[in-house]
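# Working through the structure, step by step
So the chains spell out like this:
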Amino acid sequence: MAVPPKILTNSDLEKMVDTSDEWIQVRTGIRERHILNDNEVISTYAFLAAKEALDKANLQGEDLNLIICATLTPDYLMPSLAILLQKELSAVNAGAFDLSATCSGFIYALVIADQFIRSHPDWKILVVGAEALSRKTNWEDRTTCVLFGDGAGAVIVTGSKEEERGIIDFILGADGSNWPLLTLKGGGSAYFPFDERLPKDEYYIKMQGREVFKIAVRMMEKLASEILERNNLKPQDLALLIPHQANMRIIEYLREKLELPPERVFINIQRYGNTSAASIPIALYEAEREGRIKKGDIVLLVAFGGGFTFASVLLRW
Ligand code: UT7
């Protein structure tokens, strides 16, 4: 994983909008978030995360067959973030594309990688979740600007002779009926560049938080329960649950519903805020580093995001 060194604390935000450290901590669990400096780009951090993943796997860029980047904030619309990584990693044998599935993007990308591995078990696939949400944040809107952060996480997916390891099951879902609750309209092709019909605040992420919250809580619980049930597993069989880090209260609700003790649920939202597609790979990285997942453990990843998209993956580490 890699995050920009610059940290924006809740007390920094107190000086920017009408908010308080207490409100942010109580309502979201967030204390601080990492954000890009004005002259930085998120591909730098996607590259650092990818390079570390390759080094840990003893691989070079040229060993990669495919690069998938989950992001809604690539440096450019063209070329994609995956292409920038392909160049920087000298991944001369890899195809490369970006995937847009908001906060569920990393799980979507992981599931796609898994499908390729099933037909080409010797392939090495780089899956990255990277976001620069600070660039799409309206710093005058207190209802959203306290939530988001920047960062990147990466994994290498490949075949294993140990058959029981890997992805056991997944759910990929979507519900477009509520899309106006969470949007980022500016920059898309519905409007011309600098189109006067589009209000300026539409160039930033807009969210009806309370409505999204209600749906997210229900959906996260449904995703987790469904995938466990159909695999004849109980929540207690999980070594670790790694949920998308959008709001501490959503995670706590999920934990209570599943009757899991705090040590079985990974939470790092305090330090990063919501980093969308980057949140799960960053959490996965920290969980492994802290020794909270070991070889053979059953781990559940669950995410929900704008669109809406939702996804879960049950895996044996
Ligand atoms: O990652 C994609 C999925 N995203 C999510 O799942 C996020 C879901 N939503 C949330 O996490 C929460 O809804 C928020 C954290 C965004 C908001 O928390 P909430 O408990 O739902 O608050 P609210 O929107 O109901 O607002 C409560 C009050 C309002 O004041 P009134 O109307 O009660 O007087 C807001 O104006 O808090 C006010 N408020 C704030 N006050 C201080 C809203 N934002 C702030 C703020 N500081 N930053």
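For the structure itself, look to the data block above.
Being a predicted model, the structure only gives us computed values, none of them experimental. Residues take numbers from 1 onward in each chain, read along the sequence in its written order. Selection of residues for local features in this predicted model requires a pLDDT of at least 70, selection of side-chain atom pairs for listing and counting requires 80 or more, and totals for whole chains, interfaces and linings are taken over all residues. Hydrogens are left out, water is left out, and the side-chain values use all remaining heavy atoms of the structure.

## Regarding the site of the ligand
Consider each residue's heavy atoms; a residue with any of them within 4 Å of a molecule or strand counts as near. Near the ligand, the surroundings consist of 24 residues, among which Thr19, Arg142, Arg210, Asn247 and Asn274 are the closest. Measuring from a nitrogen atom of the ligand, one finds a backbone N or O atom of arginine 142 at 2.8 Å. Whenever two N or O atoms come within 3.5 Å, that pair is a polar contact, provided that in protein one can donate a hydrogen and the other can accept it, and provided that, for residues adjacent in sequence, both atoms are side-chain atoms. The contact in question runs from an oxygen atom of the ligand to an N or O atom on the backbone of glycine 209, over 3.0 Å. For the accessible areas, the method is Shrake-Rupley and the probe is 1.4 Å, while residue cover comes only from the protein chains on display. When the free accessible area of the ligand is taken as 960 Å², the share hidden by the protein chains comes to 76%. Elements are defined by DSSP. Helices are runs of H or I of four residues or more, strands are runs of E of two residues or more, and each kind is numbered from the N terminus. If you list the elements that add at least two residues to the shell around the ligand, you get helix H2 (21-28), helix H6 (142-145), helix H7 (209-230), helix H8 (248-258) and strand E11 (298-305). Ranked by the residues each element gives to the shell around the ligand, the list is headed by H7, at five residues. Each residue is assigned to one class: nonpolar for Ala, Val, Leu, Ile, Met, Phe, Trp, Tyr, Cys and Pro, charged for Asp, Glu, Lys and Arg, and polar for all the others, Gly among them. Here the shell around the ligand is composed, by residue class, of 11 nonpolar, eight polar and five charged. Note: domain ranges come from an automatic or database domain assignment. The two domains that each donate at least three residues to the shell around the ligand are domain 1 (7-158) and domain 2 (166-316).

## A few points about the side chain of histidine 244
Note on placement: histidine 244 falls in the loop between strand E10 (240-243) and H8. Under the scheme applied here, a residue whose accessible area is under 20% of the maximum for its type counts as buried, over 50% as exposed, and between as partly exposed, the area being computed with a 1.4 Å probe on protein chains only. We classify histidine 244 as buried; its relative accessible area is 2%. Here asparagine 274 takes part through its side chain, which lies 3.3 Å from a polar atom of the side chain of histidine 244. Contacts are assigned to residue pairs that have any heavy atoms within 4.5 Å of one another. Ignoring any residue separated from it by four or fewer positions in sequence, one finds histidine 244 in contact with Cys103, Met220, Ile251, Asn274, Ser276, Ser279, Ile280, Val302, Ala303 and Phe304.

## Section: the packing of aromatic side chains
Side-chain rings of Phe, Tyr and Trp (the six-membered ring for Trp) are treated as a pair once their centres are within 6.5 Å; stacked means planes under 30 degrees apart, edge-to-face means over 60, and tilted covers the remaining angles. Under the counting rule described, the total for this entry stands at two aromatic pairs. Measuring from ring centre to ring centre gives 5.6 Å for phenylalanine 116 and tryptophan 123, while their planes differ by 10 degrees; the resulting arrangement is stacked.

## Side note on the layout of surface pockets
Taken as a whole, the second largest pocket spans an internal volume of roughly 1100 Å³. Here a cavity is any set of points on a 1 Å grid over the protein atoms alone where a 1.4 Å probe fits but cannot get out, and a pocket is any open set with protein on both sides within 12 Å along at least 5 of 7 lines; a residue lines the site when it has an atom within 4 Å of a point. Surrounding the second largest pocket, 34 residues form its lining, Ile156, Val157, Thr158, Arg165 and Trp317 being those nearest its centre. Listing elements by their share of the lining of the second largest pocket, those giving two or more residues are helix H3 (42-56), helix H5 (105-119), strand E6 (150-158), strand E7 (166-174), helix H10 (279-289) and strand E12 (309-316). Top element by residues in the lining of the second largest pocket is E6. It accounts for five residues. Grid points are joined across faces, edges and corners, and a volume is the space filled by probe spheres set on the points.

## Let's talk about the sheet that holds strand E5 (residues 124-132)
A pair of strands is labelled paired if DSSP reports no fewer than 2 bridges between them. Taken together, four strands build an open sheet; the order of strands is E4-E3-E5-E6 and the sheet is mixed. The open sheet has two free edges, formed respectively by strand E4 (95-99) and E6, since each of these has just one partner strand. Sheet twist, expressed as the average angle between the axes of neighbouring strands with direction ignored, equals 15 degrees. Sheet analysis places E5 next to E6, joined by nine bridges and oriented antiparallel. In the strand pairing of E6, leucine 126 is matched with isoleucine 156. Lines are fitted to the C-alpha atoms to define the axes, a helix being fitted only along its stretch in contact, and any angle between axes, read from their N-to-C directions, falls within 0 to 180 degrees.

## A short note on the pattern of salt bridges
Oppositely charged side chains are able to pair whenever their charged atoms sit close together. Whenever a carboxyl oxygen of Asp or Glu lies within 4 Å of a side-chain nitrogen of Lys or Arg, that contact is scored as a salt bridge. Per the stated rule, a full pass over the model turns up 18 salt bridges. Between lysine 87 and glutamate 88 there is a salt bridge, with its nearest N and O atoms 3.2 Å apart. A residue is classified by how much of its surface remains accessible, and lysine 87, at 57% relative accessible area, is exposed. In this structure, aspartate 201 engages lysine 206 in a salt bridge whose closest nitrogen and oxygen atoms are separated by 3.3 Å. For lysine 206, a relative accessible area of 29% corresponds to the partly exposed category. It is possible to trace a salt-bridge network through shared partners that takes in Glu162, Arg165 and Lys295.

## Re the environment of glutamate 263
Looking at where glutamate 263 falls in the secondary structure, it is placed in the loop between H8 and helix H9 (269-272). When its relative accessible area of 52% is taken as the criterion, glutamate 263 is described as exposed. Not counting the four nearest positions on each side in its chain, glutamate 263 is found in contact with Leu240 and Arg292.

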